[in-house]
Amino acid sequence: MKERGSFFVIPGIVWVLLFTIFPLVYSFRVSLSRVAYGRITGFAGLANYARMFQDYRFWGVLGFTLLFVMFSVVITVSLGLLLALVFNRKMRGLRFFRALMTTPLFTAPVALGYLGVMMFYEENGPINILLQTLGFGKVPWLSDIFWARTAVIMVDVWQWTPFAFIILLAGLQSLPDEVYEAAVLDTSSGWDIFRYITFPMISPVLGTVIMLRLVDAFKVFDIPFALTNGGPGTATRTLTFYVYTQGLRNFDLGYASAMAYFLMFMSLAVGIFFFRRYRSLYE
């Protein structure tokens, strides 16, 4: 019976080998090779990795990637927690508002990017029309470096805030009511209750959300690609966008694979550091 049961594991093993292990091993080989028009022509050693540190475009996209990760994760988690606190109570139309707020989460990032093109259109876009109605001037959302980066971050926050909201709301609803009933007898300050009771109890869930968002934000590609196409210039190109450009547009697969591995190890290092740091608080 055990031998028969092992056959059910074989599809999963084959899937992991074909779509995880093999691509990792092969791409690592490519990152150590010279590649011309999709064919490996020789061994390059660490030349592709050394090239990254001499490429000013690489440092530019890395800088924007880190900037994007920092602002996107902080704003997304903060808004998600705020909305979870607001909706963690009995109120009319609660189910409708919850369903409405989670809509962007189930929309393809590319679709949100193209929707952002319409929303941030500088001449007659809805956002600029609203700003002009309120007495403000037009904002060059897609032609100015600062505002283009802001638009990319705003669309990403719009998509992923519902994710943080759903997880944190579930965490808040799992907290025991007895603790709050006892806390009300000691203080009437909502801030003290949140600071000394809610936040410490919700911290494990909050840490999980932050770690998942960190890893996901490092590999963002769809929204900058659809919204700004990396522009103006290369101001909104992320590291994954640059990997795509070098690998699938310029056919420099060796250099693209090296940058992809750099991104993987950087994301892995950040995830491990954050996980260990957060876990140490509860040991």
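For the structure given in this document, a descriptive report is provided here. (Residues numbered from 1 in each chain as written. Predicted model: local features only at pLDDT ≥ 70, side-chain atom pairs only at ≥ 80, totals over all residues. Heavy atoms only, no water.)

In terms of regular secondary structure, the protein chain is built from 13 helices and 2 strands. Once the C-alpha set of the protein chain is aligned to its principal axes, its extents read approximately 75 × 70 × 35 Å. Looking at the protein chain as a whole, 38% of its 283 residues qualify as buried. In the protein chain, the share of contacts with a sequence separation of at least 24, taken over all contacts with a separation of at least 6, comes to 64%. Entry remark: accessible area of the protein chain is about 17100 Å², with carbon and sulfur atoms responsible for 69%. Side-chain charges in the protein chain split into 22 positive and 15 negative, and the spacing between the mean points of these groups amounts to 8 Å. (Helix = DSSP H or I, 4+ residues; strand = E, 2+ residues; numbered from the N terminus. Buried < 20%, exposed > 50% of the residue type's maximum accessible area, 1.4 Å probe, protein only. Contact = heavy atoms within 4.5 Å. Areas by Shrake-Rupley, 256 points an atom, 1.4 Å probe, with all protein chains shown as cover. Lys, Arg positive; Asp, Glu negative; His and termini not counted. Charge placed at Lys NZ, Arg CZ, Asp CG, Glu CD.)

What follows concerns the nonpolar core. When a protein is soluble and globular, its nonpolar side chains tend to lie buried together. With 56 residues, the main nonpolar core has F58, F68 and L168 as its most contacted residues. In terms of residues, this core owes the most to one element, helix α8 (residues 145-173), which gives 12 residues. (Core = buried A, V, L, I, M, F, W, Y, C linked by side-chain atoms within 4.5 Å.)

Here we take up the packing of α8 against helix α10 (residues 190-218). As a packed pair, α8 and α10 sit with axes 10 Å apart at the nearest point and diverge in direction by 150 degrees. Handedness of the crossing formed by α8 with α10: right-handed. Two secondary-structure elements touch here, α8 through D156, W160, F163, A164, I167, L168, G171 and L172 and α10 through T198, I202, V205, L206, V209, L212, R213 and D216. (Axes fitted to C-alpha atoms, helices over the stretch in contact; angles between N-to-C directions. Left-handed = near helix turned anticlockwise from the far one by under 90°.)

Turning to the pairing of strand β1 (residues 33-36), a few remarks are in order. Of the two faces of β1, only the one carrying S33 and V35 is buried; R34 and A36 on the other face are not. Relative to strand β2 (residues 39-43), β1 is paired through 4 bridges, and the arrangement is antiparallel. The partner of R34 across the bridge, within β2, is G42. If you look at the hairpin formed by β1 and β2, you'll find 2 residues sitting between the two strands, and Y37 has a positive phi there, around 55 degrees. (Pairing = 2+ DSSP bridges.)

The next thing to look at is the environment of L112. Note that L112 resides in helix α6 (residues 109-119). We classify L112 as buried; its relative accessible area is 3%. Sequence-wise, L112 and F199 are 87 residues apart; in three dimensions their C-alpha atoms are separated by 32 Å. Those residues in contact with L112, other than ones at most four positions away along the chain, are P104, T107, V155, W158 and Q159.

Examined against the element boundaries, D156 turns out to sit in helix α8. Taking relative accessible area as the criterion, D156 reaches 3% and is therefore assigned buried. Not counting residues within four places of it along the chain, the set of residues in contact with D156 comprises F68, S72, R213, V220 and I223.

Under the definition given, this model contains 21 aromatic pairs. Taking 5.9 Å as the distance between ring centres and 50 degrees as the angle between the ring planes, the aromatic pair formed by F53 and W59 counts as tilted. A relative accessible area of 48% places F53 in the partly exposed class. Aromatic pair F241 and Y244: ring centres 6.2 Å apart, planes at 75 degrees, arrangement edge-to-face. With F241 and Y244 both in helix α12 (residues 239-249) and 3 residues apart, the pair spans about one turn of that helix. Residue classification places Y244 among the partly exposed positions, given a relative accessible area of 23%. Among the aromatic side chains, those forming a connected cluster through ring pairs are F53, F58, W59 and F262. (Phe/Tyr/Trp six-rings, centres within 6.5 Å; stacked < 30°, edge-to-face > 60°.)

All right, on to helix α2 (residues 10-31) then. If you check α2, its first and last C-alpha atoms are 30 Å apart, about what 22 residues at 1.5 Å a residue would give, namely 32 Å. When the local axis directions of α2 are compared, the greatest deviation, roughly 35 degrees, occurs at L17. (Expected span 1.5 Å × (residues − 1). Bend = angle between axes of the 7 residues up to and from the residue.)

Interpretation in functional terms is not warranted from these geometric data alone.
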